[in-house]
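Residues per chain are reported as follows:
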Amino acid sequence: MDLELLHDPEDELLCANLMDVVQATLGRAPLGSKRCSRLLMPAQLQAQVRAELLRLACSEPCGLRGALLDLCVEHGKACHDVGHIAADPAVVPTFQLTLVLRLDSRFWPKIQGLFASGPAFAPLKLSTGFRVMKKKLYSSEQLLIEEC
């Protein structure tokens, strides 16, 4: 399928705004009982996530406007929910995307106490690997999982 034919300038703008909301949400991510830590998305990760969201939305009836985005951060074997975002709150959602980001494992010694209580830590960088799960809300199709 040629994605250029399905290119929607409105989705491009919406995706840029959505990525701003994702970054703001990561900036105040609750990663433990009373903890907040700033999670930073590298530019390469932002570009990959943006492209993947647009690709997954191109076959949807409302495009990206119909997306509900669940944002999670994986830490070891645990997955921490950090936010839920409606791409366009004025549109009835037609599909749900679960974006699972990973902490950069090179920082493991610095973050071992991250999910315990205590003072805030410095900003943490996310890995460029991620997973996106897509679930259509208007269909009984199976769950689609993309690993990037």
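Everything below is about the structure printed above this text.
Residues numbered from 1 in each chain as written. Predicted model: local features only at pLDDT ≥ 70, side-chain atom pairs only at ≥ 80, totals over all residues. Heavy atoms only, no water.

(A) Spotlight on helix 1 (residues 9-27). A rise of 1.5 Å per residue sets the reference length of helix 1, with its 19 residues, at 27 Å; its end C-alpha atoms lie 27 Å apart and thus fit the reference within 8%. When helix 1 is considered as a whole, its buried residues turn out to be Asp11, Leu14, Cys15, Leu18, Met19, Val22, Thr25 and Leu26. End-on, the buried residues of helix 1 take up no more than an arc of 145°, which puts them together on one face. Exposed side of helix 1, more than 90 degrees from the buried face: Pro9, Leu13 and Asp20 are the residues found there. (Helix = DSSP H or I, 4+ residues; strand = E, 2+ residues; numbered from the N terminus. Expected span 1.5 Å × (residues − 1). Buried < 20%, exposed > 50% of the residue type's maximum accessible area, 1.4 Å probe, protein only. Arc of directions from axis to C-beta.)

(B) Geometry of the pairing of strand 7 (residues 124-136). As paired strands, strand 3 (residues 39-40) and strand 7 are joined by two bridges and run parallel to one another. Its bridge partner lying in strand 7, Leu40 is registered against Lys125. Where strand 6 (residues 95-103) and strand 7 come together, eight bridges link them in antiparallel fashion. When the bridges of strand 7 are listed, Gln96 appears paired with Lys135. (Pairing = 2+ DSSP bridges.)

(C) Seen up close, the pattern of salt bridges. Taken as a whole and assessed by the stated rule, the structure comprises eight salt bridges. The salt bridge partner of Glu12 is Arg50, with a shortest N-O separation of 3.3 Å. Residue Glu12 is found in helix 1, and its partner Arg50 is found in helix 2 (residues 43-57); the two are separated by 38 residues along the sequence. What makes Glu12 partly exposed here is its relative accessible area of 25%. (Salt bridge = Lys/Arg side-chain N within 4 Å of Asp/Glu carboxyl O.)

(D) Local environment of helix 2. In a regular helix each residue adds 1.5 Å, so 15 residues correspond to 21 Å; helix 2 covers 21 Å between its end C-alpha atoms and thus fits that length. Among the residues of helix 2, Leu45, Val49, Glu52, Leu53, Leu54, Leu56 and Ala57 are the ones counted as buried.

(E) Quick look at the pairing of strand 4 (residues 67-75). Of all nine residues that make up strand 4, eight are buried, and the element is covered over most of its length. Sheet analysis places strand 4 next to strand 6, joined by eight bridges and oriented parallel. Bridge pairing in strand 6 links Cys72 to Val100. Sheet topology note: the strand 4/strand 5 (residues 78-86) ladder contains eight bridges and is antiparallel. Within the sheet, the bridge partner assigned to Leu69 lies in strand 5 and is Ile85. Hairpin connection of strand 4 to strand 5: two residues between the antiparallel strands, including Gly76 at a positive phi of 65°.

(F) Just the environment of Val22, in detail. If you trace the backbone, Val22 turns up in helix 1. The spatial distance from the C-alpha of Val22 to the C-alpha of Asp70 is 9.8 Å, given a sequence separation of 48 residues. The contact partners of Val22, leaving out residues within four places of it in the chain, are Met41, Leu69, Leu71 and Ile85. (Contact = heavy atoms within 4.5 Å.)

(G) Local environment of the packing of helix 1 against helix 2. At a closest axis distance of 10 Å, the pairing of helix 1 and helix 2 adopts a crossing angle of 130°. Considered as vectors, helix 1 and helix 2 are oriented oblique to each other. Handedness of the helix 1/helix 2 crossing: right-handed. Counting all contacts with helix 1, which are made through Asp11, Glu12, Cys15, Ala16, Leu18, Met19 and Gln23, the residues of helix 2 involved are Gln46, Val49, Arg50, Leu53, Leu54 and Ala57. For the contact of helix 1 with helix 2, a count of residues per class yields eight nonpolar, two polar and three charged. (Axes fitted to C-alpha atoms, helices over the stretch in contact; angles between N-to-C directions. Parallel < 35°, antiparallel > 145°, perpendicular 65-115°, else oblique. Left-handed = near helix turned anticlockwise from the far one by under 90°. Nonpolar A, V, L, I, M, F, W, Y, C, P; charged D, E, K, R; others polar.)

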